Amino acid sequence: MTSPRDDTQLSPTSADTLVTLEEWATAIGRHPIAVRSLRTQPDFPQDKGTRPRQGRGNRYILYSRAELDEFLNAWERRLKPDTLAMPEGPDEFRTLGAIASLVGLGGKSITQYRELLDADPEIEHSDGGRWRTYRTSGVIAWLNERKGHGVARDPDATQRRGRRPRQPE
């Protein structure tokens with residue numbers, strides 16, 4: 001017998017789909033551990049019911065997919081880095097430290113991305129002697145595309161300690 005809070009997942013296209021946090025993590029491309037840690041946020045949505053497990057164990061806790069998506073969008077907006085204004089002379093080649101100074105950041109706030117910038121074929125750089133220089137506009141555009149705290153540029157980098165999220169059945 002089921003209680004009024006027990007529910008099953010509705011159709012995947014429904015706006016009121018009820019999902020577990022693990023199912024939602026897989027759908028949005030995040031690691032389940034990272035998603036579970038979001039439950040500590042004060043504005044995290046309330047659960048909507050439970051669904052029985054096959055076999056033994058606690059019941060699956062269900063959440064509204066629409067509410068989870070709304071929460072995630074608000075959370076990402078709060079944590080997204082500020083958009084950097086394009087400085088004068090965007091086509092000039094400069095060191096990363098000089099670009100950071102132009103936009104009012106500390107030098108290491110940009111130089112920490114050196115390996116990623118070097119690996120990106122769209123960012124022009126030059127080894128002109130002692131220092132590597134980069135086209136300013138490419139670096140600023142790359143920095144403005146960052147997703148923010150808690151989101152890796154490379155989806156494979158979200159896998160923690162070799163754990164992989166379970167695939168939906």
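Residues numbered from 1 in each chain as written. Predicted model: local features only at pLDDT ≥ 70, side-chain atom pairs only at ≥ 80, totals over all residues. Heavy atoms only, no water.

1. Observations concerning the overall build of the protein
Within the protein, the secondary structure is distributed over 7 helices and 6 strands. Along the protein, helices and strands appear, N-terminal first, in the series β-α-α-β-β-α-β-α-α-α-β-β-α. Taking the contacts inside the protein whose residues are at least 6 apart along the sequence as the reference set, 58% of them involve residues at least 24 apart. Carbon together with sulfur atoms contributes 48% to the accessible area of the protein, which is approximately 11,400 Å² in total. (Helix = DSSP H or I, 4+ residues; strand = E, 2+ residues; numbered from the N terminus. Contact = heavy atoms within 4.5 Å. Areas by Shrake-Rupley, 256 points an atom, 1.4 Å probe, with all protein chains shown as cover.)

2. Concerning the sheet that holds strand S6 (residues 132-135)
Overall, antiparallel pairing links the 3 strands, which are arranged S4-S6-S5 in an open sheet. Each end of this open sheet is capped by a strand with a single partner; those strands are strand S4 (93-94) and strand S5 (125-127). Sheet topology places S4 next to S6; 2 bridges connect them, and they run antiparallel. Within S6, the residue paired with Arg94 across the bridge is Tyr134. Sheet strands touched by helix H7 (residues 136-144): S4 and S6. Its angle to S6, the strand with the most contacts, is close to 70°. (Pairing = 2+ DSSP bridges. Axes fitted to C-alpha atoms, helices over the stretch in contact; angles between N-to-C directions.)

3. Structural notes on the environment of Asp120
Tracing the chain through its elements places Asp120 in the loop between helix H6 (114-119) and S5. Separated by 18 residues in sequence, Asp120 and Gly138 place their C-alpha atoms 9.9 Å apart. A distance of 2.9 Å separates the side chain of Asp120 from the backbone nitrogen of Glu122, its partner in a polar contact. (Polar contact = N/O pair within 3.5 Å; in protein donor to acceptor, adjacent residues only side chain to side chain.)

4. Thoughts on the pairing of strand S3 (residues 60-64)
In this sheet, S3 lies alongside strand S1 (residues 18-19) in antiparallel orientation, the contact comprising 2 bridges. Bridge assignment links Val19 to a residue of S3, and that residue is Tyr63. Two elements, strand S2 (residues 49-51) and S3, share 3 bridges in a ladder whose sense is antiparallel. Looking across to S3, one finds that Arg51 is bridged to Tyr60.

5. Thoughts on the sheet that holds S1
Strand order in this open sheet of 3 strands is S1-S3-S2, and the pairing throughout is antiparallel. The sheet terminates laterally at S1 and S2, the two strands that pair on one side only. Of the strands in this sheet, S1 and S3 touch helix H3 (residues 65-79), which is tilted by about 70° from S3.

6. Notes on the packing of helix H1 (residues 21-28) against H3
Running from N to C, H1 and H3 point in directions that differ by 55°, and their axes come no closer than 11 Å. Between H1 and H3, the crossing angle belongs to the class labelled oblique. Note on packing geometry: the crossing formed by H1 with H3 is right-handed. Contact residues: H1 offers Leu21, Trp24, Ala27 and Ile28, while H3 offers Arg65, Leu68, Asp69 and Leu72. Considering only residue class, the contact of H1 with H3 consists of 6 nonpolar, no polar and 2 charged. (Parallel < 35°, antiparallel > 145°, perpendicular 65-115°, else oblique. Left-handed = near helix turned anticlockwise from the far one by under 90°. Nonpolar A, V, L, I, M, F, W, Y, C, P; charged D, E, K, R; others polar.)

7. Description of H3
Here H3 spans 21 Å end to end across 15 residues, near enough to the 21 Å set by a 1.5 Å rise per residue. As for H3, its buried residues are in contact with S1, H1 and S3. (Expected span 1.5 Å × (residues − 1).)

8. Observations concerning the environment of Glu70
Along the polypeptide, Glu70 turns up in helix H3. Sequence separation between Glu70 and Phe44 is 26 residues, and the spatial gap between their C-alpha atoms is 9.8 Å.

9. A closer look at the nonpolar core
Core analysis: the biggest nonpolar cluster contains 14 residues, and Ile110, Leu117, Tyr134, Val139 and Leu143 have the highest contact counts within it. For this core, the element with the most residues is H7, which contributes 4 residues. The contact partners of Leu143, leaving out residues within four places of it in the chain, are Leu84, Ile110 and Tyr113. The next biggest cluster of nonpolar side chains, apart from the first, holds 12 residues, and it includes Val19, Trp24, Leu68 and Leu72. (Core = buried A, V, L, I, M, F, W, Y, C linked by side-chain atoms within 4.5 Å. Buried < 20%, exposed > 50% of the residue type's maximum accessible area, 1.4 Å probe, protein only.)

Coordinates in, geometry out; function isn't part of it.
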